[in-house]
Amino acid sequence: MKGTLSEFELGLLRQRARAAFEQKAQRGHALWELPVGFVRTEEQRIEKTPDREVQQAIEGVFRKFVELGSARQTTLWYWDEELLLPHVIPGTAGREVAWRRPTGHRVNQILKNPCYAGAFAYGRTAAQTVVHDGRARQGNRRRKPQSQWKILILDAHPGYISWDDYQRNQRMLEENGAERGAVKRGPALLAGLLRCGRCGRKLHVNYSGNTGRVPRYACGGSRVERGSAPCLSAGGLRLDEAVVREVLSAIQPVGIEAALRAVEQLADVTDQKRESLALALERARFEARRAQRQYDAVDPDNRLVAGELEQRWNKALEQVAEWETRMTALDDSVDPLSDAQRARLMALGSDLSTAWDHPDTDVSLRKRILRTVLKEIVINNLDDPPQHELHLHWQGGVHTQLRVLRNGRGRHARAADADVVELVRELSKIAEDKTIAAILNRLGYKSGQGKSWHAHRVANLRYYHKLPNYEKRTDWVTLEQAARRLNVSTTVVSRLIKEGTLPARQVVRYAPWIIEVADLELPGVQTAIRAVHKGHKLPRIHPDQQKLPL
């Protein structure tokens, strides 16, 4: 009985202590280690650290995340720029920090902590109870939704961002980790935006082509059930081009404003780097001065202590020299925009398509622009006529429809035009493949791959479309053959054709002339030929001149 009562009393004491702890937390008193950038006052309140370097570093993380849209890209940017982030030294109430290179986990901690939004939160996690060997045990702690937090006090203390900015960052992180995913460097611009119009699942991206850069969107939703076929698939080149054209036409009015913001952003990024380096240099100089004071205060004869302090002073001076070198390199690498560059930037703002297609425009930037204005795109395939039906869901709630032609079954986008096929069909009756290739090139026609023609490509086209091959015939001749038969030059025959004396026809410009053999025996043709043989000049006859019978 005594043991039971003692166990009950211990449980009651734990409950009372826990209730007192939560009551104090409800009043906004922080009883745990504060995140970096905050300090605890004597009244157990939370304030921002007075260290300007720490404040600037924390604010820079949020600014860079909004700019890049990904926690991972933010971490990589800090590694590329060799910038450090502060870490709290445990047991110092947040007043002493150590500077280290950031990790992805560390950046996520800063972005997800509501304390940086000026909010006091408690009970964001809960222990997961599991049954092991017939006994209930506490497992790992899991994050709870915001609606299930025990305590949430807004504007409890000064923050680095507003609560609305914090909520926006959480939605962005959630979208990056969900089906939509973060922006990646692949060439598929609509990755994470397309949704299947049949099953409602997100489409994934496959790459093909000689260089592996040709995207294709596919939905394998129906394959979840064994034996089912995939829902749909669509080539990415036409879809990306059509959606980009639609988006650029919608945001064209704000192009000038975007150009002005780009100019400001160039200056902001440089100022952010310079401010970070300046504060780090100031801290390094302070450490060097403190090391010097410590070295000056020691007895020179005590070499065990003086030697160690001298080494610390030398290391501090090396840090100062390193930060000064980086400041100088930054100033030398940044050149202000000239008037010509500024005018060029404003011209690109008025013509967004040129800026979009510029080779120096990053793919991730294009994707972020699309995700800024588009929430998702629902796609469906239509067969009659073959086309893609796109429903664009814009961020403002407006829905628009877009239809993009697609290849029919058994067709591909690199097929020759129907006009070229019909022209080859006619030319193959009167000319060889080499001659046909020369005619097509002179007319400016290209193959399905956008290349010029030669005999082998013409032969492949005839084989694929089952076009007839060239066969020599005896009922008609070409201009050169007619000249040989009449024993005159090709110039004489061309003049007879131009004047209308000798009937002839041509499939297309630059194609061989087709002359019936029987027409070579016409009286007018024979009279002209005999005059040429006798050395007489042919009378000039206008083609439209009307011939009167005698």
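Notes on the structure in this doc start here. (Residues numbered from 1 in each chain as written. Predicted model: local features only at pLDDT ≥ 70, side-chain atom pairs only at ≥ 80, totals over all residues. Heavy atoms only, no water.)

1. Notes on the overall build of the protein
Item 1. Across its full length, the protein carries 17 helices and 18 strands.
Item 2. In the protein, once contacts between residues fewer than 6 apart in sequence are set aside, the share between residues at least 24 apart is 56%.
Item 3. Roughly 34400 Å² of accessible area belongs to the protein as shown, and the carbon and sulfur atoms make up 50% of that amount. (Helix = DSSP H or I, 4+ residues; strand = E, 2+ residues; numbered from the N terminus. Contact = heavy atoms within 4.5 Å. Areas by Shrake-Rupley, 256 points an atom, 1.4 Å probe, with all protein chains shown as cover.)

2. Brief notes about the packing of helix H15 (residues 479-486) against helix H16 (residues 490-499)
Item 1. Two elements in contact, H15 and H16, have axes whose closest approach is 8 Å; the angle formed by their N-to-C orientations is 110°. Between H15 and H16, the angle falls in the class roughly perpendicular. By crossing handedness, the relation of H15 to H16 is classed as right-handed. Contact with H15, carried on its side by Leu479, Glu480, Ala482 and Ala483, involves Thr490, Val493, Ser494 and Ile497 of H16 and no other residues of that element.
Item 2. A per-class count over the contact of H15 with H16 returns five nonpolar, two polar and one charged. (Axes fitted to C-alpha atoms, helices over the stretch in contact; angles between N-to-C directions. Parallel < 35°, antiparallel > 145°, perpendicular 65-115°, else oblique. Left-handed = near helix turned anticlockwise from the far one by under 90°. Nonpolar A, V, L, I, M, F, W, Y, C, P; charged D, E, K, R; others polar.)

3. Focus on the packing of helix H13 (residues 433-443) against helix H14 (residues 455-465)
Item 1. Contact geometry of H13 with H14 gives a least axis separation of 8 Å together with a crossing angle of 100°. Overall, the two elements H13 and H14 adopt an arrangement that is roughly perpendicular. Contacts between H13 and H14 involve Asp433, Lys434, Ile436 and Ala437 from the former and Ala455, Val458, Ala459 and Arg462 from the latter.
Item 2. For the contact of H13 with H14, a count of residues per class yields five nonpolar, no polar and three charged.

4. As for unusual backbone geometry
Item 1. Of note in this structure, aspartate 155 is not a glycine but carries a positive phi near 55°.
Item 2. Within the secondary structure, aspartate 155 is located in the loop between strand S8 (151-153) and helix H5 (163-177).
Item 3. The phi dihedral of lysine 466 is positive, around 55°, even though this residue is not glycine.
Item 4. Within the secondary structure, lysine 466 is located in the loop between H14 and strand S16 (476-477).

5. Here we look at the sheet that holds strand S15 (residues 399-405)
Item 1. The strand order S9-S13-S14-S15 describes an open sheet built from four strands, whose pairing is mixed. Strand pairing shows two members of the sheet lacking a second neighbour, strand S9 (194-196) and S15, which therefore form its edges. Averaged over neighbouring strand pairs, the angle between their axes works out to 30° when direction is ignored.
Item 2. With seven bridges connecting them, strand S14 (residues 386-394) and S15 associate as antiparallel partners. Bridge pairing links histidine 393 to histidine 399 in S15. (Pairing = 2+ DSSP bridges.)

6. Focus: the environment of alanine 242
Item 1. By the secondary structure assignment, alanine 242 is in helix H6 (residues 236-251).
Item 2. Alanine 242 gets classed as buried once you look at its relative accessible area, which sits at 4%.
Item 3. For the pair alanine 242 and arginine 403, spaced 161 residues apart in sequence, the C-alpha separation works out to 8.6 Å.
Item 4. Beyond its immediate sequence surroundings of up to four residues, alanine 242 is in contact with Leu402 and Val404. (Buried < 20%, exposed > 50% of the residue type's maximum accessible area, 1.4 Å probe, protein only.)

7. Here we look at the side chain of lysine 202
Item 1. Tracing the backbone through its elements, the reader meets lysine 202 in the loop between S9 and strand S10 (204-208).
Item 2. Side-chain polar atoms of lysine 202 contact the backbone oxygen of glycine 192, separated by 3.1 Å. (Polar contact = N/O pair within 3.5 Å; in protein donor to acceptor, adjacent residues only side chain to side chain.)

8. Section: the sheet that holds strand S17 (residues 505-506)
The pairing of strands in a sheet happens through backbone hydrogen bonds and is either parallel or antiparallel.
Item 1. Strand order in this open sheet of three strands is S16-S18-S17, and the pairing throughout is antiparallel. Single-partner strands in this sheet number two, and they are S16 and S17.
Item 2. Relative to strand S18 (residues 513-516), S17 runs antiparallel, the two being bridged by two bridges. Following the sheet pairing, arginine 505 is matched in S18 by isoleucine 514.

9. A closer look at the nonpolar core
Item 1. Ranked by size, the top nonpolar core spans 44 residues in total, and within it Ile58, Phe62, Leu111 and Tyr116 carry the most contacts.
Item 2. Breaking this core down by element, the ones donating at least two residues are helix H2 (52-68), helix H3 (71-81), strand S3 (85-88), helix H4 (104-112), strand S5 (120-122), H5, helix H7 (255-297) and helix H8 (303-333).
Item 3. The biggest single contributor to this core is H2, with six residues.
Item 4. Those residues within four positions of leucine 111 in sequence are excluded, and the remaining contacts are Val61, Phe62, Phe65, Ala71, Tyr166, Gln170 and Leu173.
Item 5. Residues Leu189, Leu190, Leu370 and Leu392 belong to the second largest nonpolar core, which totals 33 residues. (Core = buried A, V, L, I, M, F, W, Y, C linked by side-chain atoms within 4.5 Å.)

10. Side note on the state of the cysteines
Item 1. Evaluation of the coordinates by the stated rule reveals zero disulfides.
Item 2. With no disulfide partner, cysteine 199 has as its closest neighbouring cysteine sulfur the one in cysteine 219, 3.4 Å distant.
Item 3. Classification of cysteine 199 by relative accessible area gives partly exposed; the value is 30%. (Disulfide = S-S within 2.5 Å.)

11. Here we look at the pattern of salt bridges
Item 1. Summed over all chains, the structure comprises 16 salt bridges.
Item 2. Residue glutamate 67 is joined to lysine 64 by a salt bridge in which the shortest nitrogen-to-oxygen separation is 2.9 Å. With glutamate 67 and lysine 64 both in helix H2 and three residues apart, this pair spans about one turn of that helix.
Item 3. Classification of glutamate 67 as partly exposed rests on a relative accessible area of 24%.
Item 4. Salt bridges here are not isolated pairs; linked through shared partners, they connect Arg195, Lys202 and Glu376. (Salt bridge = Lys/Arg side-chain N within 4 Å of Asp/Glu carboxyl O.)

12. Considering the packing of aromatic side chains
The geometry of an aromatic ring pair comes down to the distance between the two centres and the angle between the two planes.
Item 1. A full pass over the atoms with the stated rule returns seven aromatic pairs.
Item 2. Between the aromatic rings of tyrosine 295 and tryptophan 313, the centroid separation amounts to 5.6 Å while the plane-to-plane angle is 40°, which identifies the pairing as tilted. Taken together, the positions of tyrosine 295 in helix H7 and tryptophan 313 in helix H8 put the pair 18 residues apart, joining distant regions of the chain.
Item 3. Overall, the relative accessible area of 23% leaves tyrosine 295 in the partly exposed class.
Item 4. Through a chain of ring-to-ring contacts, three or more aromatic side chains come together here, namely Phe38, Phe62, Tyr116 and Tyr160.
Item 5. Sitting above the plane of the tyrosine 160 ring, lysine 48 keeps its charged end 4.4 Å from the centroid. (Phe/Tyr/Trp six-rings, centres within 6.5 Å; stacked < 30°, edge-to-face > 60°. Lys NZ or Arg CZ within 6 Å of the ring centre and 35° of its normal.)

13. Concerning empty space enclosed by the protein
Item 1. Taken as a whole and judged by the stated rule, the model has one cavity of 30 Å³ or more.
Item 2. Counted as a void, the largest cavity has a volume near 140 Å³.
Item 3. In terms of lining, the largest cavity is formed by 14 residues, of which the most central are Gln56, Leu83, Leu84, Trp99 and Ser276.
Item 4. For the lining of the largest cavity, the class distribution of residues is eight nonpolar, four polar and two charged. (1 Å grid on protein atoms, 1.4 Å probe; cavity = no way out; pocket = protein on both sides within 12 Å on 5 of 7 lines; lining within 4 Å. Points joined across faces, edges and corners; volume = space filled by probe spheres on them.)

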